[in-house]
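# Structure assessment
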Amino acid sequence: MSKKTPLNDDDQALFRQLMTGTRKLKQDTIVHKPAVKTREVPLKRLLSEQADNSHYFSDEFQPLLSSDGPVRYVRADVSHYELKKLRRGDYTPEIFLDLHGLTQMQAKQELGALIAACRREHIFCASVMTGHGKHILKQQTPLWLAQHPHVMAFHQAPKLFGGDAALLVLIEVEEWQPPELP
């Protein structure tokens, strides 16, 4: 940026003459408060939900997942059309979880926390990014997700949301309840 050239004395005097009778503007920016009061979830509840949701993930249990084509799963009581909509990218994830650099134990805890947060916040579609790496989390994540009772379906993400290094997951959300009054 170029430095401003200082005004000479004649220009300053002309400016002051033109500005006589004016006053400085008062700052009138209005900051609007949120209309809905957000409830802060206690830390104890968050940890409890995370533990409750991550206990579903076992390393010994191997669910039967299709080995041909992209990684996919649909719960028995869910329409296969939901899986097709996931594959086409009809659902846009509202929340993203990146598992890069986590251990298997940390990844399980984060998956449990993600599912709890989705149910609490009524988020239907989530994206779980596993990355490529050594393929440990990429192989284990679908096996864990298939074990959870609140996971309705998942499919390898379309290119737009991470391609074969991510999964789009449909979460069964809790029934809507009106917010508690303070």
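Before reading on, note that the structure itself is shown above.
A quick note: this is a predicted structure, and the numbers were derived from the prediction, not measured.

## Re the packing of aromatic side chains
- Following the criterion strictly, the structure yields two aromatic pairs and no others.
- Aromatic pair tyrosine 73 and phenylalanine 154: ring centres 5.3 Å apart, planes at 25°, arrangement stacked. Residue tyrosine 73 is located in strand S1 (residues 72-74), and its partner phenylalanine 154 is located in strand S4 (residues 151-156); the two are separated by 81 residues in the primary sequence.
- Both rings, one in tyrosine 91 and one in phenylalanine 124, keep their centres 5.5 Å apart while their planes meet at 70°; by these two values the pair is edge-to-face. Of the two residues, tyrosine 91 sits in the loop between helix H3 (80-88) and strand S2 (95-98) while phenylalanine 124 sits in the loop between helix H4 (104-121) and strand S3 (125-129), which places them 33 residues apart along the sequence.
- Judged by its relative accessible area of 28%, phenylalanine 124 falls in the partly exposed class.

## Observations concerning the packing of H4 against helix H5 (residues 136-147)
- At their nearest, the axes of H4 and H5 sit 11 Å apart, and the two run at 40° to each other. Taken together, the axes of H4 and H5 are oblique relative to one another. Considering how the two elements wind past one another, H4 and H5 form a crossing that is right-handed. Contacts between H4 and H5 involve Gln104, Ala107, Lys108, Leu111 and Ile115 from the first element and Ile136, Leu137, Gln140, Thr141, Trp144 and Leu145 from the second.
- Here the residues of the contact of H4 with H5 sort into seven nonpolar, three polar and one charged.

How each quantity is defined
Residues numbered from 1 in each chain as written. Predicted model: local features only at pLDDT ≥ 70, side-chain atom pairs only at ≥ 80, totals over all residues. Heavy atoms only, no water. Phe/Tyr/Trp six-rings, centres within 6.5 Å; stacked < 30°, edge-to-face > 60°. Helix = DSSP H or I, 4+ residues; strand = E, 2+ residues; numbered from the N terminus. Buried < 20%, exposed > 50% of the residue type's maximum accessible area, 1.4 Å probe, protein only. Axes fitted to C-alpha atoms, helices over the stretch in contact; angles between N-to-C directions. Parallel < 35°, antiparallel > 145°, perpendicular 65-115°, else oblique. Left-handed = near helix turned anticlockwise from the far one by under 90°. Contact = heavy atoms within 4.5 Å. Nonpolar A, V, L, I, M, F, W, Y, C, P; charged D, E, K, R; others polar.

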